[in-house]
Amino acid sequence: MQSFNRVLSIFKIPPYLLLANIIAVYLAIGGWNFYDVRYFIKWSEYIARYGLLRVYSIPDEAYKVAYPPLPVILFAFHHTIASWTTNDVSLWRLIDKLPLLVSFNLVYFILYKKYGKFPALLWIINLLIYIVIHTYQFDLLVSLFILLGLTCIREKKYGLYGVYHTLAALVKPVVGIVLVIPLVELLKKKNNRELLKYLVAVLVTGLSITLPFFLVDPYSFIKRVVLFHGKRPPQQLSIWAIPVYLVKYDLAKLPSWYYDIWLIPLGVFLLWIMLLLVKEKSWNEVTYIKYEILFLAGFMLLSKISNVNYFLWLTPPLLLFINKLEEVNTGIVINLVKVYLFTTSMISLIFGFFAVFVEAVSEMPIFIIEDWMWMPAGVYIANCFNPYSILYRAILYFRAIPAIRETTRSIALVHYYFLIVLCILYAFSLIYIMYTVRKYSED
């Protein structure tokens, strides 16, 4: 034990970080979201046959390549290595998820080194991180790039801010809205030299990765990366999903205009934030943190798509704001931390409980909102979980107890109403975060 502790001290790895990584690796091996990953694997197979640049030309419309090239490249690269290395699906999962595990640790070390232990600890106790690692989403990469970008503002490295946030947008395009922040500052200050460097950094980073794919098949690229998202139904924690839950996923009961009306309040909100940004007089690190939170939280609040994993975009600037505020207002910090922990726990555990777990235990079908179809619970869990994982065994154990099975069946039959409550609570959390950030960043 002393030798082990000596090794940890040499590499400066605290025991709690080691424990966090053990949990993360266990969850990484233990399963993934079969619905998404089956498409990712299909990308890799198609790339191996026809080449990387032809990936958006997959003829079968059932296989969604709805991401920009960066996530496609990352997954295809790691999955190719995994396929060459082993036939063990558990090891596939581990190799495929290496970018997520690396991002998780890099964010911790950056927070710890540059901002201290407090925000670093808040990062690793975020339960949503472990859910995202388990299911496999690319949002941890977004967290890393956003944090790296914000660290550049201290030294006014606008070009690097542009590079990192462009990379974040090349994972999840909507994040690119925050690229407007330094643009407004540099225009207001008439700093044409820095403005030119910033624009060149953004354009070179973005075009060097996207342009080769676009030139090969412009129509398919735009159709899959841009237009696909406009057709997606309201889902998960969006306030626009509440009527969808009320009609129990029967979209025929909703008017056709309902799927586009969300653009109006979102557009008005973003315009308002833009006006605040243009009128801004103080330009420092807190200014950037504030507007990133307002832009991202506002999108999560008003967009028709507000998936649980999106909260990881907001996490780095929120932790930096909490860290800054700790120096001047401990009471508000405590409240923000409570909201942060409540929200991440709610959207990671409670949402999953009502949307998947009760259906899996009661053997009722699970609704796949992207395809607007019900999937048998047995098919879903067989593809999502390692049969030796604790989660899989817990489902089977609870299913074997008649009282629990019938209770979860009763909950599953009315799970829509629980999801509505979660949507409302999530909206209030985002509103509180935006209100607090705007109010106390100006004090």
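Residues numbered from 1 in each chain as written. Predicted model: local features only at pLDDT ≥ 70, side-chain atom pairs only at ≥ 80, totals over all residues. Heavy atoms only, no water.

1. Here's the deal with the overall build of the protein
Cut-off, in case you're wondering: In DSSP terms, a helix is any run of H or I states spanning at least four residues, a strand is any run of E spanning at least two, and both are numbered starting from the N terminus. Our radius of gyration looks at C-alpha atoms and nothing else; its globule reference is 2.2 Å times the residue count to the power 0.38. Exposed residues in this analysis have more than 50% of their type's maximum accessible area, buried residues have under 20%, and partly exposed residues fall in between, with area computed by a 1.4 Å probe over protein chains only. When checking whether two residues touch, look at their non-hydrogen atoms; a contact exists if any pair is within 4.5 Å. Here the accessible surface of atoms and residues is derived via Shrake-Rupley with a 1.4 Å probe, and residues count as covered only by protein chains that are part of the display. Residues scored as positive are Lys and Arg, those scored as negative are Asp and Glu, and His as well as the terminal groups of each chain are ignored. Here the site of a charge means atom NZ of a Lys, CZ of an Arg, CG of an Asp or CD of a Glu.
Each helix and strand in the protein was counted, giving 22 helices and 4 strands. Taken against the 2.2 N^0.38 rule, which gives 22 Å for 443 residues, the C-alpha radius of gyration of the protein at 22 Å falls within 12% of a compact globule. Taken over 443 residues, the protein has a buried fraction of 55%. Once local pairs closer than 6 in sequence are excluded, the contacts in the protein between residues at least 24 apart make up 73%. Surface summary for the protein: the accessible area is close to 20000 Å², and the carbon and sulfur share equals 69%. Computing the positive centroid from 39 side-chain charges and the negative centroid from 25, the protein places the two 4 Å apart.

2. A word on the side chain of Thr315
Note that Thr315 resides in helix H17 (residues 311-325). Residue contacts for Thr315: discarding those within four places in its chain leaves Trp123, Asn126 and Tyr340.

3. Details of the packing of aromatic side chains
We describe a pair of aromatic rings using the distance from one ring centre to the other and the angle between the two ring planes. Rules: When the centres of two rings from Phe, Tyr and Trp lie within 6.5 Å, Trp using its six-membered ring, the rings pair. Their planes under 30 degrees apart give stacked, over 60 give edge-to-face, and anything left gives tilted.
For the structure on display, the rule yields 39 aromatic pairs. Measuring from centroid to centroid gives 4.6 Å for Tyr46 and Tyr50, while their planes differ by 40 degrees, and the two rings are tilted. Residue Tyr46 and its partner Tyr50 are located together in helix H3 (residues 34-50), separated by 4 residues, close to a single helical turn. Using a relative accessible area of 14% as the deciding quantity, one classes Tyr46 as buried. In textbook terms, an aromatic cluster arises when at least three aromatic residues are bridged by ring pairs, as seen for Phe40, Trp43, Tyr67, Phe75, Tyr136 and Phe138.

4. Things to note about helix H11 (residues 180-188)
Every buried residue belonging to H11 is among Val180, Ile181, Pro182, Val184, Glu185 and Leu186, and all of these are buried. Where the residues of H11 are buried, they touch helix H10 (158-169), helix H12 (192-216), helix H15 (263-279) and helix H16 (285-302). Directly beyond the C-terminal end of H11, a positive phi value near 55 degrees is found at Lys190.

Remember, this is a structural readout, not a statement about activity or role.
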